[in-house]
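Each chain, letter by letter, is given below.
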There are 2 protein chains.
Amino acid sequence: MSMGPKQAILAEFAGVARALGHAHRLELLEHLGQGERGVDALAARVGLSLANASQHLQQLRRAGLVANRRDGKFIYYRLADDGVTDLLTALRRQSERNLAEVDRIRRGYFADRDSFEPVSREDLLERVASGLVTVLDVRPQDEFGQGHLPGAVNIPLGELQDRLAELDPDREVIAYCRGAYCVFAFEAVAALRAQGRPARRLVDGFPEWKAAGLPVATSF
Amino acid sequence: MSMGPKQAILAEFAGVARALGHAHRLELLEHLGQGERGVDALAARVGLSLANASQHLQQLRRAGLVANRRDGKFIYYRLADDGVTDLLTALRRQSERNLAEVDRIRRGYFADRDSFEPVSREDLLERVASGLVTVLDVRPQDEFGQGHLPGAVNIPLGELQDRLAELDPDREVIAYCRGAYCVFAFEAVAALRAQGRPARRLVDGFPEWKAAGLPVATSF
DNA sequence: TTTATAATCAACTGATCTATTGATTGAATT
DNA sequence: AATTCAATCAATAGATCAGTTGATTATAAA
């Protein structure tokens, strides 16, 4: 066998890549990007059995992508650092660029719901500074609480119809949720536009905002 | 089964990650980063059977990471675009950050050979501009010919001892080769320093230089 | 048309990965 | 000490992956 040092290093890199090589693990990472969580909560959100989620999380841990801590009888997992989000972003960029299948899915589902250009982080910062927009966080309340964009209003998608009154109808809404492919923001923009309100969505989500080093607010 | 659009997209991303999840494929990508190559040449350099290399290359192609073209009876593979190098760099960064094993290998092998700080691309550009350094490309001649740093001198590692006279002993040498873990540059720096000559190495290699959009020279 | 060469394809073995099941560990509660 | 709950561990069956071997396709040359 005897590998040279380069092969040994490449084998380690390959191990990290392989840890990213399963949709369930990517989804776990997306949720962990919102903040730390217990195994049970993650399993429920991603739709996995507890044992299965536990094992996927351990693979991520072996790859150095997540870390965990024990608090009483709960074990909380979190992303190892913001660099993980950067790696996920790089993976997404490359996949979007050269995978026809990604484009097909996006056109077939997402593009129908949002024919308007998404807003970049820079655009959002500018518009917030000029006081022209409402930033809307459509994630569940607990995720909002763990960290959100400064000044954002939290109305989870399911409550949006009932709480429209909370949004000034003359201000443009910029909605965001967990990431570039989280459907909540798409649905929220579609719902608002159906009411004749101006709305667009942030190009990606909270983890990317945080990984970019931009300020984050919490509710605790 | 019925997956939502997000799960379908994540499954595609996972497919790309899985394509990176094997040391042989990462090594193939490293070689493709130097320029396009035929299957036979790649198989020989990476030490794979022809059929095995062919199959790995096809996995990379399905993942949209490489492209190929036919010319006569040869099929030449190349990286799909410079973004692939960026993704590989992101993978390397993350792996270095949180994998104790990578650090151990690096200390055990590489650090022994090069206790001096590597030179960043920006540093190299500055030093070249001030005319103080010789840039040394220690890759094989054919790789040099397909693309190299402007003004670089090509002396493949194996010929370095015999061709020392070609290097001005008073100018610092900055050596580079295929990438951050290519051993050639480490060996070259060690050999030069053993002769009492000032030498350091570029932090990564030719593909990263090219992907950064910096100028590239060719010999054809 | 025959021959040679580059690469892929097909089939197969052994290895690794995924998800489930049930047992086990660790920490808090009774 | 006994109980309860979160999470991991262990064992397993089915699926996918890696690498070899030999056959096949595509192109160029004899």
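Analysis parameters
- Residues numbered from 1 in each chain as written.
- Chains lettered and ligands numbered in written order.
- Predicted model: local features only at pLDDT ≥ 70, side-chain atom pairs only at ≥ 80, totals over all residues.
- Heavy atoms only, no water.
- Least-squares fit on C-alpha atoms with pLDDT ≥ 70 in both.
- Contact = heavy atoms within 4.5 Å.
- Buried area = accessible area lost by both parts, 1.4 Å probe.
- Salt bridge = Lys/Arg side-chain N within 4 Å of Asp/Glu carboxyl O.
- Polar contact = N/O pair within 3.5 Å; in protein donor to acceptor, adjacent residues only side chain to side chain.
- Near = heavy atom within 4 Å.
- Helix = DSSP H or I, 4+ residues; strand = E, 2+ residues; numbered from the N terminus.
- Nonpolar A, V, L, I, M, F, W, Y, C, P; charged D, E, K, R; others polar.
- Core = buried A, V, L, I, M, F, W, Y, C linked by side-chain atoms within 4.5 Å.
- Buried < 20%, exposed > 50% of the residue type's maximum accessible area, 1.4 Å probe, protein only.
- Phe/Tyr/Trp six-rings, centres within 6.5 Å; stacked < 30°, edge-to-face > 60°.
- Pairing = 2+ DSSP bridges.
- Axes fitted to C-alpha atoms, helices over the stretch in contact; angles between N-to-C directions.

A. Focus on the relation of the copies chain A and chain B. Relative to chain B, chain A is turned by 180° and slid 0.0 Å along the rotation axis, the superposed coordinates differing by an RMSD of 0.0 Å. The operation mapping one copy onto its partner corresponds to a two-fold rotation axis.

B. Structural context of the interface of chain A and chain B. The interface is formed by 46 residues belonging to chain A together with 46 residues belonging to chain B. In total, about 3900 Å² of surface goes out of reach between chain A and chain B, with carbon and sulfur atoms giving 73% of it. Broken down residue by residue, the surface that chain A buries against chain B is led by A:Lys6, A:Ile9 and A:Phe13, which jointly contribute 16%. Linking chain A to chain B there are six salt bridges. One salt bridge in this structure joins A:Glu27 and B:Lys6, with 3.9 Å as the shortest N-O distance. Inspection of the region where chain A meets chain B yields 14 residue pairs in polar contact (both at pLDDT 80 or more).

C. Just the protein's contact with DNA strand D, in detail. For DNA strand D, the set of nearby residues contains 25 residues, the closest of which are A:Asp40, A:Ser54, A:Gln58, A:Tyr77 and B:His56. Restricting attention to atoms of DNA strand D within 4 Å of the protein, one finds that 79% of them are sugar or phosphate atoms. Between DNA strand D and B:Arg25 there is a distance of 3.3 Å, counted from a phosphate oxygen to a side-chain nitrogen or oxygen. B:His56 is positioned with one of its side-chain polar atoms (N or O) 2.6 Å from a phosphate oxygen of DNA strand D. For the surface near DNA strand D, the elements supplying multiple residues, two or more each, are α3 (39-46), α4 (50-62) and β3 (74-79) of chain A together with α2 (23-32) and α4 (50-62) of chain B. Counted by class, the surface near DNA strand D contains seven nonpolar, twelve polar and six charged residues.

D. Representation of the nonpolar core. Membership of the largest hydrophobic core comes to 80 residues, with the highest contact counts inside it found for A:Leu26, A:Leu29, A:Leu65, B:Leu26, B:Leu29 and B:Leu65. Aside from chain neighbours lying at most four places away, what touches A:Leu65 is A:Val16, A:Ala19, A:Leu20, A:Leu60, A:Leu79, A:Ala80, A:Val84, A:Leu87 and B:Gln94.

E. Fine view of the protein's contact with DNA strand C. The environment of DNA strand C is formed by 24 residues, the closest being A:His56, B:Asp40, B:Ser54, B:Gln58 and B:Tyr77. Taking A:Arg25, its side chain carries an N or O atom lying 3.2 Å from a phosphate oxygen of DNA strand C. The side chain of B:Tyr77 places a nitrogen or oxygen atom 2.6 Å from a phosphate oxygen of DNA strand C. Listed by contribution, the elements that provide at least two residues to the surface near DNA strand C are α2 (23-32) and α4 of chain A together with α3 (39-46), α4 and β3 (74-79) of chain B. Of the residues contributing to the surface near DNA strand C, the split by class is seven nonpolar, twelve polar and five charged.

F. Up close: the pattern of salt bridges. Taken as a whole and assessed by the stated rule, the structure comprises 44 salt bridges over all chains. Residue B:Glu96 pairs with B:Arg92 through a salt bridge whose shortest N-O separation is 3.5 Å. On the criterion of helical spacing, the pair formed by B:Glu96 and B:Arg92 is a turn pair, its members being four residues apart in helix α5 (residues 82-98). As a salt-bridge pair, B:Glu143 and B:Arg178 come within 2.8 Å of each other at their nearest N and O atoms. Of this pair, B:Glu143 sits in helix α8 (residues 141-146) while B:Arg178 sits in the loop between β6 (172-176) and α9 (183-194); the two residues are 35 residues apart in sequence, bridging distant segments of the chain. In this structure, B:Glu143 and B:Arg178 share a single accessibility class: buried. A cluster of three or more residues bridged by salt bridges with shared partners is formed by A:Arg92, A:Glu96, A:Asp103, A:Arg106, A:Arg107, A:Arg121 and A:Asp204.

G. Highlighting the packing of aromatic side chains. Evaluated as defined, the whole model comprises ten aromatic pairs over all chains. Ring centres of A:Phe74 and A:Tyr76 lie 6.2 Å apart, and the angle between their planes is 25°; on these two criteria the pair is classed as stacked. You can call A:Phe74 partly exposed: its relative accessible area is 49%. Ring centres of B:Phe110 and B:Phe186 lie 4.6 Å apart, and the angle between their planes is 45°; on these two criteria the pair is classed as tilted. Separated by 76 residues along the polypeptide, B:Phe110 in helix α6 (residues 100-113) and B:Phe186 in helix α9 bring together distant segments of the chain. An aromatic cluster is present here, built from A:Phe13, B:Tyr109, B:Phe110, B:Tyr181 and B:Phe186 joined pairwise through their rings.

H. Up close: the sheet that holds strand β5 (residues 153-154) of chain A. Residue and element names in this part refer to chain A. The sheet built from four strands is open, its strands ordered β5-β4-β6-β7 with parallel pairing. Strand pairing shows two members of the sheet lacking a second neighbour, β5 and β7 (199-201), which therefore form its edges. Across three bridges, strand β6 (residues 172-176) lies against β7 in parallel orientation. Note that in β7 the partner of valine 173 across the bridge is alanine 199. Against the sheet, helix α7 (residues 121-129) contacts β4 (133-137), β6 and β7, and its axis sits at roughly 125° relative to β4. Contacts from helix α9 (residues 183-194) reach β4, β6 and β7 within the one sheet, and its direction differs from that of β7 by about 170°.

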